[in-house]
Amino acid sequence: MNILIDIGHPAHVHLLRNLANELQQRGHSIYYSVREIPVVIRLMKHYRMTPFVNLGGKRDSLIGKAQTVLSQDIKLTKFIRQHQINIGLSSGLVLSHVSKITKMKAFMFDDDDDAAEPLIVKYGHPFTNVVFTPNCIQRKTNRAVYYAGTHELAYLYPKRFTPDPIVLQHAGIQDGERFFIMRFVALKGHHDVGQQGLTIEQKKRLINLLQHHGRVIITSERAIETEFEQYRLPVPPEEIHSLMAYCSMFVGDSQTMTSEAAVLGIPALKCNTFAGRLSVPNMLENKYGLCYAYQPTQFEEMYRHIEQLLARDPEELKKEWQEKRERMLQDMIDPTEFFVNHIEHYESIS
């Protein structure tokens, strides 16, 4: 089959890179489309997800996003017809639209709840053939295909990921040195309108608290604040998961990186207005105790919780979280293997 993989965010690269490799090894021809996002293009080149067609940059406003989607629809329609694409894989809207005016089948990977993404529910799900969905979420569409897992396990499942200790040398971290990773996001997605994360003052307080117990490392979706420059991530983005696997704690306002830390067995705490509203992080928190989510109005509660965790013996904390991770993994499958099997057998089971 000819398969197109559409990438619109760094997390999509990780979500789909193992799937791309598996499908390619099974003899399928893989094509890529991508947005003009420097870190995305860097990651795709690193993982040899090339060549790709560049669909241009993103825009922040809802009107701008709609105009961009239309432009991308046109470009991809031509590309899909030219290369006779059979199946398109993405986490966005564009391929689901294009599938209706081409012979391509569209498969969407979606780990957000319907209530959190009304535009995707209205303009994406009805036009796609399959919506791959973690089984902790319940959808309105009958196109959902459920699996026991999360997006993050598609690349952090033990079969797919082993942390590389050389990353500690690259980051200048000494043996036994305690360090913490913080992630600050831009909240510019269509589903982020009106949402809030950490304020600058809250970030300062958290940094001050953490740096009394170890080194602080910050990765930021937007341009990092000048006063935080000294904490900038010291390794390339393709090494972040190995670095995270060795850190003592994750703190931030990122949905994805909180879940990544959780499935790696790292204590993870986030603060944003999505707290308590999304099924995947709720499952990781309430069922397995791997992460914690706080609304911005609950910042002081989160701060005290971090203090309590920092006061504990680091080795005991690490052991406890790895045991929690093992319990979680016993209930999960390798999502990539599930995706491959469903894609290859779609015609016979649909």
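For the structure itself, look to the data block above.
1. Observations regarding the pattern of salt bridges
In total, this model carries 18 salt bridges according to the counting rule given. Where Asp110 meets Arg139, a salt bridge forms, and the shortest distance between an N and an O atom there is 3.5 Å. Placement of Asp110 in the loop between strand E5 (105-109) and helix H5 (118-123) and of Arg139 in the loop between strand E6 (130-134) and strand E7 (144-147) is noted, with a sequence separation of 29 residues between them. The same class applies to Asp110 as to Arg139, namely buried. Notably, a salt bridge pairs Arg139 with Glu117, separated by 3.8 Å at the nearest N-O pair. Of this pair, Arg139 sits in the loop between E6 and E7 while Glu117 sits in the loop between E5 and H5, and the two are 22 residues apart along the sequence. Overall, Arg139 belongs to the buried group, its relative accessible area being 9%.

2. Brief notes about the side chain of Asp111
Summarising the element assignment, Asp111 is placed in the loop between E5 and H5. Of the side chains with opposite charge, Arg139 comes closest to the buried, unpaired Asp111, at an N-O distance of 6.6 Å. One polar contact links Asp111 to His151, side chain to side chain, over a distance of 3.4 Å. Beyond its immediate chain neighbours, meaning those up to four positions away, Asp111 contacts Pro134, Ile137, Arg139, His151, Glu152 and Val280.

3. A few points about the sheet that holds strand E10 (residues 249-252)
Pairing is parallel in the open sheet, where 5 strands are placed in the order E9-E8-E10-E11-E12. If you trace the sheet from one side to the other, it starts and ends with strand E9 (215-220) and strand E12 (291-294), each paired once. For this sheet the average axis-to-axis angle between neighbouring strands, irrespective of direction, equals 15°. In the sheet, strand E8 (residues 179-184) pairs with E10 via 4 bridges, with the strands oriented parallel. When the sheet's bridge partners are listed, Arg183 is paired in E10 with Gly252. Across the sheet, helix H11 (residues 279-286) is in contact with strand E11 (268-271) and E12; its angle to E12 comes to roughly 125°. Most of the contacts of helix H12 (residues 299-310) go to E11, to which it runs at about 165°, and overall it touches E8, E10, E11 and E12.

4. A few points about unusual backbone geometry
Here Thr50 and Pro51 are connected by a cis peptide whose omega angle stands at -5°. Structurally, Pro51 can be placed in the loop between helix H2 (38-46) and strand E3 (52-54). One non-glycine residue with positive phi stands out, namely Arg48, at about 55°. On the secondary structure map, Arg48 appears in the loop between H2 and E3.

5. Side note on helix H8 (residues 200-211)
Between its terminal C-alpha atoms H8 stretches 16 Å, which fits the 16 Å expected from 12 residues at 1.5 Å a residue. On the buried face of H8, the contacting elements are E8, E9, E10 and H12.

6. Digging into the packing of helix H1 (residues 10-25) against helix H14 (residues 335-344)
At their nearest, the axes of H1 and H14 sit 9 Å apart, and the two run at 50° to each other. With respect to H14, the element H1 is oriented oblique. Between H1 and H14 the crossing geometry is right-handed. On H14, the residues that touch Leu15, Asn18, Leu19, Glu22 and Leu23 of H1 are Thr336, Phe339, Val340, Ile343 and Glu344.

7. Here we look at the packing of H1 against H2
At a minimum axis distance of 8 Å, the contact between H1 and H2 shows a crossing angle of 20°. When the axis of H1 is compared with that of H2, the two are roughly parallel. By crossing handedness, the relation of H1 to H2 is classed as right-handed. Taking contact as the criterion, the partners of Pro10, Val13 and His14 in H1 are, on H2, Val39, Val40, Leu43 and Met44.

Definitions and limits used
- Residues numbered from 1 in each chain as written.
- Predicted model: local features only at pLDDT ≥ 70, side-chain atom pairs only at ≥ 80, totals over all residues.
- Heavy atoms only, no water.
- Salt bridge = Lys/Arg side-chain N within 4 Å of Asp/Glu carboxyl O.
- Helix = DSSP H or I, 4+ residues; strand = E, 2+ residues; numbered from the N terminus.
- Buried < 20%, exposed > 50% of the residue type's maximum accessible area, 1.4 Å probe, protein only.
- Lys, Arg positive; Asp, Glu negative; His and termini not counted.
- Polar contact = N/O pair within 3.5 Å; in protein donor to acceptor, adjacent residues only side chain to side chain.
- Contact = heavy atoms within 4.5 Å.
- Pairing = 2+ DSSP bridges.
- Axes fitted to C-alpha atoms, helices over the stretch in contact; angles between N-to-C directions.
- Expected span 1.5 Å × (residues − 1).
- Parallel < 35°, antiparallel > 145°, perpendicular 65-115°, else oblique.
- Left-handed = near helix turned anticlockwise from the far one by under 90°.

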